[in-house]
Amino acid sequence: MSGPRALSPADAGVSDLYAAHWHSLVRLAYLMVHDVTLAEDIVQDALVTVHQRWNSLRDPHAALGYVRRTVVNSARSALRHQGVVDRYARRTDEDHVGVSAEQTALDHAEHDEMLRALGELSAKQREVLILRYYGDLTEAEIADALGISRGAVKTHAHRGLAHLRSLIPDSGAGNGRPLGGE
C-alpha cells in the first residue's frame, strides 16, 4: 500500500483557485449570462483550461487573472451563442426553453432591478461595472480581464454609472456603496 499521492503544481494551483475564488467567479459569470447553471459550467471550464495550461503559464501567480479573462470570454461566447439560438427560435416560431427553478428564484431576488438596469448598459459598460463592483477588481485587473486600456476602463465605468443613475436614481451608483444592495 502506498502513501498519499503528492499533488502536481497544476492540481495544487487550481485547487487553491477553486477554494478561494469559486463563488466570486460564478457570480461574475452569472451577472454576465443570467443563468446559474451556465455560469457554473463556464467557471468549471475555465478552471479545467487553466489546469491544462498550467505548465505554460508565464506566471502561475497570475492564474486568477487568466481564469477571470477566460470566464469573461466564455460568457461572451455563451451570449453570442444564445443570440444565435434566439434568432433561430424566432425564425422558426419555436418556444424558448423554460426557465430553471434556480433562475426563477434569482429573478425574485432583491437585486433584480439592478440586473435589469445593467442590461440597459452597453456590453463594455456592463462588463466593467460587474468586474469593478461585483468582482471587486482594480482598474488594472479589469483592463487585463477585458483586454482594454485603463483609460477605457475609467471611461466605461463613468458612463455606465451615469446611465445607471438615470435608470435607478436611488441605486447608490457611484457613491461608494456596492451596486445591487450586496
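Before going into details, it helps to say that this report is about the structure given with it. Model, not experiment: these values are computed from the prediction.

### Section: the packing of aromatic side chains
Per the stated rule, a full pass over the model turns up one aromatic pair. For the ring pair tyrosine 18 and tryptophan 22, a centre distance of 5.0 Å and an interplane angle of 40 degrees mean the geometry is tilted. Residue tyrosine 18 and its partner tryptophan 22 are both found in helix H1 (residues 9-33); the two are separated by four residues, about one turn of the helix.

### A few points about helix H7 (residues 139-146)
Restricting attention to buried positions, one finds in H7 the residues Ile142, Ala143, Ala145 and Leu146. Looking straight down H7, one finds its buried side chains confined to an arc of 165 degrees; they lie on one side. Looking one or two residues beyond H7, the residue adopting positive phi is glycine 147, at roughly 70 degrees.

### Observations regarding unusual backbone geometry
Glycine aside, negative phi is the norm for most residues, and most peptide bonds take the trans geometry. At histidine 34, a position not held by glycine, the phi torsion is positive, near 60 degrees. Among the residues examined, histidine 34 registers a relative accessible area of 30% and is labelled partly exposed. Its identity is not glycine, yet aspartate 136 carries a phi of approximately 55 degrees, on the positive side.

### Section: the pattern of salt bridges
Under the definition given, this model contains four salt bridges. Ionic pairing is found between arginine 76 and glutamate 127, a salt bridge with its closest N-O pair at 2.8 Å. With arginine 76 in helix H3 (residues 63-92) and glutamate 127 in helix H6 (residues 123-134), this residue pair connects regions lying 51 residues apart in the sequence. A single burial state applies to arginine 76 and to glutamate 127, both of which are buried. Its salt-bridge partner being glutamate 139, residue arginine 150 comes within 3.7 Å of it at the nearest N-O pair. With arginine 150 in helix H8 (residues 150-167) and glutamate 139 in helix H7, this residue pair connects regions lying eleven residues apart in the sequence. Owing to a relative accessible area of 30%, glutamate 139 belongs among the partly exposed residues under this scheme. It is possible to trace a salt-bridge network through shared partners that takes in Glu139, Arg150 and Lys154.

Calculation criteria
- Residues numbered from 1 in each chain as written.
- Predicted model: local features only at pLDDT ≥ 70, side-chain atom pairs only at ≥ 80, totals over all residues.
- Heavy atoms only, no water.
- Phe/Tyr/Trp six-rings, centres within 6.5 Å; stacked < 30°, edge-to-face > 60°.
- Helix = DSSP H or I, 4+ residues; strand = E, 2+ residues; numbered from the N terminus.
- Buried < 20%, exposed > 50% of the residue type's maximum accessible area, 1.4 Å probe, protein only.
- Arc of directions from axis to C-beta.
- Salt bridge = Lys/Arg side-chain N within 4 Å of Asp/Glu carboxyl O.

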